[in-house]
Structures are given as structure tokens and as C-alpha cells.
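Next come the chains, spelled out residue by residue.
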Amino acid sequence: MIPWRSAAGLLLTLVTLAGCASGSTGAGPGAPASPPSGSGGRTASLDEHAAGSTVSVPRGTTVLLTLHSTYWAPARSSAPALLQPLGGATSSAAAVGPGCRPGAGCGTVVSRFLALRGGRVTLSSARTSCGEAMACRPAERTFRVTIVVTAP
């Protein structure tokens, strides 16, 4: 039998390790994010697969955009009064390993926005490099998604 104090220490260690293993951004493709206060708890998670599409979100929703390359610039809202940026974008480089060569831009750039008012807004980002000393093809240089903010 394990003494109570040892069991509690083991449990605390496991919980701590699980938190470390979850990563610093906590947001992979389609992963839910912790919404900021006042957002009503709704989050719309988008990534490169949303490029060129139109996405409807109710007012009060947090829009979490994760672009999977550190070469992307932070996303911008065409109408910050409708879709307001929530702080600056965060960038996290992935560790070099299988499938990720040094200089390949492995990692993410995450931008968060809050849908404040109804209307149509474009989120956009751009990059010129798709790898170390490797220019992007024209179709790979820009990211755009249209967000339609609706009444909740």
C-alpha cells in the first residue's frame, strides 16, 4: 500500500507533467482554445484549410486562427471595429525532428480576434518565404478568409 502523502505527491507530479506535455499554445488544428473573458465561451478555430472560404460566427465568438509556419505574418482584420484583435499574435517554433528541417519554418503563428459587431470582415496574412532561402509561389504567399459576424 502507498502512503497517502506519497500518493498525493505522485498525483501532483503526474498532473504537472500532463500540463507540460500539452504545449504552450494549446491550439493545434481544430483544437479548442481558452476564450478570453467576455467572449461567451464560443471559439471558432481556423487554419490554412479555411483559406478562401467564408465562415459565419455569432457576435461574441473568439476567432482563433492558427497558421502552420513561422514565416506567416500575424493575421490582420480588415475591420477591427467588427472583429477586434485580442493582443498580439503568438509564434511558437516546433522542435526540429522528423518532417521538420532547420530553416523550414516549422511551428505556428496564432492570432485571436473577438467578434464585436455584425458585418463582413476579412482576416488576412502574408509571407514571402516558404523555407530558408526559398521563395513562395504566388498562390502560397497570401491567406484570406471572410468572417461574417451574425447576431447570437
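Quick notes on the rules
Residues numbered from 1 in each chain as written. Predicted model: local features only at pLDDT ≥ 70, side-chain atom pairs only at ≥ 80, totals over all residues. Heavy atoms only, no water. Pairing = 2+ DSSP bridges. Helix = DSSP H or I, 4+ residues; strand = E, 2+ residues; numbered from the N terminus. Disulfide = S-S within 2.5 Å. Buried < 20%, exposed > 50% of the residue type's maximum accessible area, 1.4 Å probe, protein only. Phe/Tyr/Trp six-rings, centres within 6.5 Å; stacked < 30°, edge-to-face > 60°. Contact = heavy atoms within 4.5 Å.

- Per an unreviewed UniProt entry, the protein chain goes by Proteinase inhibitor I42 chagasin domain-containing protein and derives from Streptacidiphilus alkalitolerans.

## What to know about the sheet that holds strand β2 (residues 54-58)
Now for step 1: The sheet built from four strands is open, its strands ordered β2-β11-β8-β4 with mixed pairing. This sheet does not close on itself; its edge strands, each paired only once, are β2 and β4 (76-77).

## Quick word on the state of the cysteines
Among covalent bonds in proteins, the disulfide is the one between the sulfur atoms of two cysteines.
Now for step 1: Evaluation of the coordinates by the stated rule reveals one disulfide.
Now for step 2: At a sulfur-sulfur separation of 1.9 Å, the disulfide partner of C130 is C136. Where C130 bonds to C136 through sulfur, the torsion about that S-S bond is close to 105 degrees, and the disulfide is right-handed.
Now for step 3: Judged by its relative accessible area of 3%, C136 falls in the buried class.

## Thoughts on the packing of aromatic side chains
The description of an aromatic ring pair rests on the distance of the ring centres and on the angle between the ring planes.
Now for step 1: Per the stated rule, a full pass over the model turns up one aromatic pair.
Now for step 2: For the ring pair W72 and F143, a centre distance of 6.5 Å and an interplane angle of 75 degrees mean the geometry is edge-to-face. With W72 in the loop between β3 (62-67) and β4 and F143 in strand β11 (residues 142-150), this pair connects stretches of sequence that are 71 residues apart.
Now for step 3: Residue classification places W72 among the buried residues on the basis of a relative accessible area of 7%.

## Some words on the environment of A81
Now for step 1: Note that A81 resides in the loop between β4 and β5 (83-85).
Now for step 2: Looking at A81, the relative accessible area reads 46%, which means it is partly exposed.
Now for step 3: For the pair A81 and L116, spaced 35 residues apart in sequence, the C-alpha to C-alpha distance is 7.1 Å.
Now for step 4: Not counting the four nearest positions on each side in its chain, A81 is found in contact with L116 and R117.

## Points about the pairing of β3
Now for step 1: Most of β3 sits inside the fold, with six of its six residues counted as buried.
Now for step 2: Burial along β3 is two-sided: T62, L64 and T66 facing one way and V63, L65 and L67 facing the other are all buried.
Now for step 3: The pairing of strand β1 (residues 43-46) with β3 spans four bridges and is classified as parallel. Bridge pairing in β3 links T43 to T62.
Now for step 4: Across six bridges, β3 lies against strand β7 (residues 107-115) in antiparallel orientation. Looking at the pairing, L65 lines up with S111 of β7.

## Comments concerning the environment of A73
Now for step 1: When you line up the elements, A73 lands in the loop between β3 and β4.
Now for step 2: Taking the C-alpha atoms as reference points, A73 and A89, 16 residues apart in sequence, are found 8.8 Å from one another.
Now for step 3: Not counting residues within four places of it along the chain, the set of residues in contact with A73 comprises V109, S125 and A126.

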